[in-house]
Amino acid sequence: MTQQLITIERVALMQSVGFFAGVPTRVIASVARLADEIEMDTGETLIVESEEGDCLYVIVRGRVRIEKNGRVIAELGAGDVVGELAVLSPGPRYASAVTLEPSLFLRLGDEVVTELLLDHPQVTRGIIDVLVRRLRQSETDVPV
């Protein structure tokens, strides 16, 4: 078992994620304290397509392959977020996420993210930017 990240490390990691840009450090610190650390080995499934989801994951270390109906649609790495659709629109997960190497994630539940979205519109803008970028990438059929 590895040592857990201290709050200041979590804050620095979250500030490097685009959709947290502009959120005051004190707010990110309170959110960071609520995040759960999830460690996974290579080949483990973080998210299962079509299962209900109630959280998103910030990739701290490692890489994940995003698959839809068995087809690879993206690869994401440190500083990226996966699973954000589940907190924006409750329902089945759109795709699966499988680790490509040993990975560490910060898990944020939907209540925490919803509060962030309501209190900090710049987070909403950041998530929209991420979704638009992924949509554009999927149209060109090039992994993100």
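A. Region of interest: the pattern of salt bridges. In this structure the tally under the stated criterion is 8 salt bridges. The salt bridge involving Glu 39 is made with Arg 61; its shortest N-O contact spans 3.8 Å. A residue pair is termed long-range when its members are at least 10 positions apart, and Glu 39 in strand E1 (residues 36–40) and Arg 61 in strand E3 (residues 55–61) qualify at 22 residues. Judged by relative accessible area, which is 40%, Glu 39 ranks as partly exposed. A single network of salt bridges, built from pairs that share partners, joins Asp 36, Asp 54 and Arg 107.

B. Spotlight on the sheet that holds strand E7 (residues 96–99). Judged by pairing direction, the sheet is antiparallel, and its 4 strands sit side by side in the order E2-E7-E4-E5 without closing on themselves. Unpaired on one side and paired on the other, strand E2 (45–47) and strand E5 (71–77) mark the two borders of the sheet. When the angles between neighbouring strand axes are averaged without regard to direction, this sheet yields 30 degrees. Where strand E4 (residues 63–68) meets E7, 4 bridges bridge the pair, whose relative direction is antiparallel. From the neighbouring strand, Arg 65 faces E7, where its bridge partner is Val 98.

C. Structural detail: the packing of aromatic side chains. Inspection of the entire model under this criterion finds 1 aromatic pair. Here Tyr 57 and Phe 105 contribute two aromatic rings whose centre-to-centre distance is 6.1 Å and whose plane-to-plane angle is 75 degrees, an arrangement assigned as edge-to-face. One end of the pair, Tyr 57, is in strand E3; the other, Phe 105, is in strand E8 (residues 103–109), with 48 residues separating them in the sequence. A residue is classified by how much of its surface remains accessible, and Tyr 57, at 9% relative accessible area, is buried. Relative accessible area serves as the criterion here: at 0%, Phe 105 is assigned to the buried category. The ring of Tyr 94 has Lys 68 lying over it, and the distance from NZ or CZ to the ring centre is 4.6 Å.

D. Expanded view of the nonpolar core. In terms of nonpolar packing, the biggest core is built from 28 residues, with Met 14, Phe 19, Phe 20, Leu 56 and Leu 108 touching the most fellow members. Breaking this core down by element, the ones donating at least two residues are helix H1 (7–15), helix H2 (25–34), E3, E8, helix H4 (110–119) and helix H5 (121–140). With 5 residues, H2 is the single largest residue contributor to this core. Listed in part, the 14 residues of the second largest apolar core include Leu 46, Tyr 57, Ile 59 and Ala 74.

Reading the values: rules and limits
- Residues numbered from 1 in each chain as written.
- Predicted model: local features only at pLDDT ≥ 70, side-chain atom pairs only at ≥ 80, totals over all residues.
- Heavy atoms only, no water.
- Salt bridge = Lys/Arg side-chain N within 4 Å of Asp/Glu carboxyl O.
- Helix = DSSP H or I, 4+ residues; strand = E, 2+ residues; numbered from the N terminus.
- Buried < 20%, exposed > 50% of the residue type's maximum accessible area, 1.4 Å probe, protein only.
- Pairing = 2+ DSSP bridges.
- Axes fitted to C-alpha atoms, helices over the stretch in contact; angles between N-to-C directions.
- Phe/Tyr/Trp six-rings, centres within 6.5 Å; stacked < 30°, edge-to-face > 60°.
- Lys NZ or Arg CZ within 6 Å of the ring centre and 35° of its normal.
- Core = buried A, V, L, I, M, F, W, Y, C linked by side-chain atoms within 4.5 Å.

Remember, this is a structural readout, not a statement about activity or role.
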